[in-house]
Amino acid sequence: MKILVIAESKDGELRRVTREVAAKAASFGEVEVVGVKGERYSPVAWSAAVADKAKSSGAQLVLLGATLNGRDLGARTAAKLGWAYAADCTDVAVKGDAIEVRRPMYAGKIRATVKVPAPAVVSIRPGAWTLPADAAAPSVSEIAAGAESDRLSFDRFQAAAGGGDRVTLAEARAIVSGGRGLKGPENWKMVEALADALGAATGASRAVTDAGWRPNEEQVGQTGKTVTPDLYVALGISGAIQHLAGMTSSKVIVAVNKDPDADIFKIADYGVVGDLFEFVPAFTEAVKRVKSQA
Amino acid sequence: MRFLVCLKQVPDSTVRVKVGSDGRSIATEGITWSISPYDEYAIELALERKDADASTGVSVVTVGGARARDALRQALAMGCDDATLVMSEQELPALDAAKALAKVVGELKPDVVLCGKQASDDDQGLVGPALAEALGWPHVGMLTKLVPAGDGVELWREIEGGHEVWKAKTPVLGLVHKSEKEPRYPSLPGIMKAKKKEIPEKDLESLGVSASAPRLEILAMEPPPARGQGKIFKLDGDAKGVAAQVAKALHEEAKVI
Ligand SMILES: Cc1cc2nc3c(=O)[nH]c(=O)nc-3n(C[C@H](O)[C@H](O)[C@H](O)COP(=O)(O)OP(=O)(O)OC[C@H]3O[C@@H](n4cnc5c(N)ncnc54)[C@H](O)[C@@H]3O)c2cc1C
Ligand SMILES: Nc1ncnc2c1ncn2[C@@H]1O[C@H](COP(=O)(O)O)[C@@H](O)[C@H]1O
């Protein structure tokens, strides 16, 4: 099967998910990797370019990373082509002319195996396919964006207050999340200190983002981000079903909560029952010590 | 300004979704159904405009079965003006649902169409972009804010590290990620008013839409793997000691630090 991979870059560099997808796609058939030329993603202009390329290349499967822009582009491109589309897949198998994917449904509460008729557009969850250590960087050719809509124009970028240069949640291998148990935004210094010690990104429960203690983009859960890091540390989070939906597939979960019956302990590998204000500073020091000895 | 919000009825976010006996669909007995969370945000976003300017109109539409009337009723009770049900007991392929919605847009002629960024059942995020495509309209995803500006609207799109602000001439379509405030609860007068409203019903045939787009076939469903019982540590005044034990376990046992 001929595969077209759509590359995504950030700050002039290929995103890791593009390399993951390109490396894996080679096992499905002949692969061509293209990226749309242009500074800023725009649905109309970019989907036109990708749809044209998909048709002219004879590809039966278009693969791209299920990033914010990738999911948007994939959906609009599939609609333009009238092709099948499957979002945020964690695996793909090509079986003759048919494509089978694995993907979460029902806000992560269900995993489904889905048959997708070819031709199709499929977006792949970042991190779902491990990048082989010896994977060569894919060679990417550029395609020109199509015509822009005359009704829509980019005006400006508004940076979020307090947004630092920390790792983004979706790509983070470790995440420290804080909940209402932290009592207020002033206590995030403690969360950040632990995150720094672990080389982690910071996340939050919806109670916290709704209260405006942290920016929306840090919210983990059903209506926030779905994350699958190697290590997820939940501080003062009760473990509501909507929060769990976004993080239960983390490899190792540590939870700190003063309530021994908190639901978060049902899914934690390591549960600490007690006051987080006592535990977290001590834990930050302990992590630093272990890391310096390793 | 006139809004049309496309909504889908899905299992409530508090439902512990289970796999049905056929192994390829969910068990629906006893489930509470609600408006999909992002669609609720879309309704709230539109109603916030109506709060600011009473001349704003907010319509809602769904493609669904008889049960979906409850979701429309809920939207009316929140304060939406009118609702349309496109009757289809069978789940339509996404591109066909988008075609049916496009017909309703053609009849109602809204300035702004809002969809959720994804429906919390299939989690696809396809119907919104497909509707924009069917209409030949531009769309903006990850919408968190919408402000009227001149002869159009300013659309705030949440991305890594902040917001892109796009200017659009109407008509335009947005995929909603969040509203400024929490979605409102229906008020008692709202519920009473909603009860009296007619909900016109359309069938696919009268809209000239038939199921013809590619259809995904679910072969199997399973719950995420269960997590084993973890180790519990009690602080009991020894934060330092417990911290050292947990750090050691993460290093030696779990090998994640
Ligand atoms: C449609 C819908 C979608 C939703 N989507 C999401 C989502 O995406 N993400 C999400 O997170 N939520 C979501 N929610 C909200 C969810 O239901 C919960 O309300 C929310 O997750 C609670 O956040 P929390 O755990 O921080 O707060 P709480 O439930 O208030 O928990 C705070 C916890 O902190 C503990 N605590 C307090 N003080 C201390 C201390 N000193 N030391 C240690 N522990 C302490 C308490 O014991 C408690 O367990 C959604 C809800 C709905 C209805
Ligand atoms: N059957 C439907 N009726 C009305 N709107 C829908 C329907 N299905 C999806 N939508 C809209 O499209 C969005 C994305 O849905 P989906 O592509 O299923 O993830 C939803 O949040 C709704 O706004």
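What you see is a predicted model; the values in this text were computed from it and never measured. Residue indices follow the written sequence of each chain, beginning from 1 at its first position. Written order decides the labels, with chains lettered from A and ligands numbered from 1. Restriction of local features to residues with pLDDT of at least 70 applies here, the model being predicted, together with a cutoff of 80 or more for giving and counting side-chain atom pairs; totals for whole chains, interfaces and linings are based on all residues. Side-chain measures here rest on the full set of heavy atoms in the structure, leaving out hydrogens and waters.

A. Summary view of helix H7 (residues 276-293) of chain A. Counted at 1.5 Å a residue, the expected span for H7(A) with its 18 residues is 26 Å, and the 25 Å between its end C-alpha atoms agrees. The set of residues buried in H7(A) consists of Leu276(A), Phe279(A), Val280(A), Ala282(A), Phe283(A), Thr284(A), Ala286(A), Val287(A) and Val290(A). Lining the buried residues of H7(A) we find helix H4 (188-198), strand E15 (231-235), strand E16 (252-257) and strand E17 (270-273) of chain A together with helix H7 (239-252) of chain B. The N-terminus of H7(A) is capped by Asp275(A), whose side-chain oxygen sits 3.0 Å from the backbone nitrogen of Phe277(A). Per the convention used, a helix needs a DSSP run of H or I reaching at least four residues, while a strand needs a run of E reaching at least two, with both numbered from the N terminus. To estimate the expected span of a helix, subtract one from its residue number and multiply by 1.5 Å. Burial classes follow relative accessibility: with a 1.4 Å probe on protein chains only, a residue under 20% of its type's maximum area counts as buried, one over 50% as exposed, and anything between as partly exposed. Residue contacts follow a heavy-atom distance rule, with two residues in contact if any of their heavy atoms lie within 4.5 Å. Two N or O atoms count as a polar contact when they lie within 3.5 Å, although within protein this holds only if one can serve as hydrogen donor and the other as acceptor, and sequence-adjacent residues are included solely when both atoms are side-chain atoms.

B. Summary view of the packing of helix H2 (residues 69-78) of chain B against helix H5 (residues 188-196) of chain B. Residue and element names in this part refer to chain B. The N-to-C vectors of H2 and H5 enclose an angle of 130°; their axes lie 7 Å apart at closest approach. The orientation of H2 with respect to H5, classified from their angle, is oblique. With respect to the hand of their crossing, H2 and H5 are arranged in right-handed fashion. Only Gly190, Ile191, Ala194 and Lys195 of H5 make contact with H2, whose side of the interface consists of Arg73, Leu76 and Ala77. Residues of the contact of H2 with H5, tallied by class, amount to four nonpolar, one polar and two charged. The convention used is that axes are lines fitted to C-alpha atoms, helices contributing only their stretch in contact, and that angles between N-to-C directions extend from 0 to 180 degrees. Here the angle decides the label: under 35 degrees means roughly parallel, over 145 means roughly antiparallel, 65 to 115 means roughly perpendicular, and every other value means oblique. Definitions for this section: a left-handed crossing has its near helix turned counterclockwise from the far helix by less than a right angle. A right-handed crossing has that turn clockwise. Lys, Arg, Asp and Glu make up the charged group, whereas Ala, Val, Leu, Ile, Met, Phe, Trp, Tyr, Cys and Pro make up the nonpolar group; the residues left over, Gly among them, are polar.

C. Summary view of the interface of chain A and chain B. With 92 residues of chain A at the contact, the number on the chain B side is 89 residues. A combined buried area of about 7700 Å² lies between chain A and chain B, and 57% of that area is made up of carbon and sulfur atoms. The largest share of the area that chain A buries against chain B comes from Tyr106(A), Arg151(A) and Tyr270(A), three residues that together contribute 11% of it. Salt bridges, as used here, are contacts in which a Lys or Arg side-chain nitrogen is within 4 Å of a carboxyl oxygen on Asp or Glu. At the junction of chain A and chain B, the tally comes to eleven salt bridges. Its salt-bridge partner being Arg40(A), residue Glu164(B) comes within 3.1 Å of it at the nearest N-O pair. In terms of residues, the side of chain A that touches chain B owes the most to one element, helix H3 (residues 68-81) of chain A, which gives nine residues. Its residues assigned to classes, the side of chain A that touches chain B shows 45 nonpolar, 21 polar and 26 charged. Of the strand pairs in this sheet, strand E9 (residues 110-117) of chain A and strand E12 (residues 217-222) of chain B are connected by five bridges, and their pairing is antiparallel. Looking across to E12(B), one finds that Thr113(A) is bridged to Ala220(B). Take the accessible area each of two parts loses on contact, using a 1.4 Å probe, and add the two losses: that sum is the buried area. Pairing between strands is defined by DSSP: at least two bridges between the two strands are required.

D. A look at the nonpolar core. Formed by 51 residues in total, the largest nonpolar core has its most connected members in Ile6(A), Val86(B), Val113(B) and Leu131(B). It is helix H3 (residues 94-108) of chain B that contributes the most residues to this core, eight residues altogether. In terms of nonpolar packing, the next biggest core, distinct from the first, is built from 41 residues, Ala204(A), Phe279(A), Val290(A) and Val256(B) among them. By nonpolar core we mean a set of buried residues, namely Ala, Val, Leu, Ile, Met, Phe, Trp, Tyr and Cys, connected to one another through side-chain atoms within 4.5 Å.

E. How the structure looks around the environment of Val172(B). All names here are of chain B. Considering the arrangement of structural elements, one finds Val172 in strand E10 (residues 172-176). For the pair Val172 and Lys248, spaced 76 residues apart in sequence, the C-alpha to C-alpha distance is 55 Å. Apart from residues no more than four positions distant in its own chain, Val172 is found in contact with Asp111, Val112, Val113, Trp137, Pro138, Val153 and Leu155.

F. The arrangement of the sheet that holds strand E8 (residues 98-105) of chain A in detail. Read across the sheet, four strands follow the order E7(A)-E8(A)-E9(A)-E12(B) without closing on themselves; strand pairing throughout is antiparallel. Every other strand in the sheet has two partners, leaving strand E7 (91-95) of chain A together with E12 of chain B as the edge strands with one partner each. The average angle at which neighbouring strand axes cross in this sheet is 20°, direction not considered.

G. Representation of the site of ligand 1. Around ligand 1, 28 residues are found, and the nearest of them are Ser205(A), Thr223(A), Ser238(A), Gln242(A) and Asn257(A). Residues close to ligand 1 are split across chains A and B. Between ligand 1 and the protein, one listed contact pairs an oxygen atom with a side-chain N or O atom of Gln219(A) at 2.8 Å. The backbone of Gly224(A) places a nitrogen or oxygen atom 3.4 Å from an oxygen atom of ligand 1. The fraction of the free accessible surface of ligand 1 (980 Å²) that becomes covered by protein chains is 80%. Any residue with a heavy atom positioned within 4 Å of a molecule or strand is treated as near that molecule or strand. Methods summary: accessible areas were calculated by the Shrake-Rupley approach with a probe of 1.4 Å, and residue burial reflects only the protein chains presented.

H. Quick peek at the packing of aromatic side chains. Pairs were defined over the aromatic rings of Phe, Tyr and Trp, the Trp ring being its six-membered one, requiring ring centres within 6.5 Å. Orientation was assigned from the angle between planes: stacked under 30 degrees, edge-to-face over 60, tilted for the rest. Under the criterion given, the structure shown has six aromatic pairs over all chains. With centroids separated by 5.4 Å and ring planes inclined at 85°, the aromatic side chains of Tyr41(A) and Trp46(A) adopt a geometry described as edge-to-face. The pair Tyr41(A) / Trp46(A) is uniform in exposure class, with both members buried. Summarising the aromatic geometry, the rings of Tyr38(B) and Tyr41(B) are spaced 6.4 Å apart at their centres and angled 45° between planes, so their arrangement reads as tilted. With Tyr38(B) and Tyr41(B) both in helix H1 (residues 37-52), this residue pair falls three residues apart, about one helical turn. For the residue pair Tyr38(B) and Tyr41(B), the accessibility class agrees, reading buried in each case.

Purely geometric numbers; function is a separate question.
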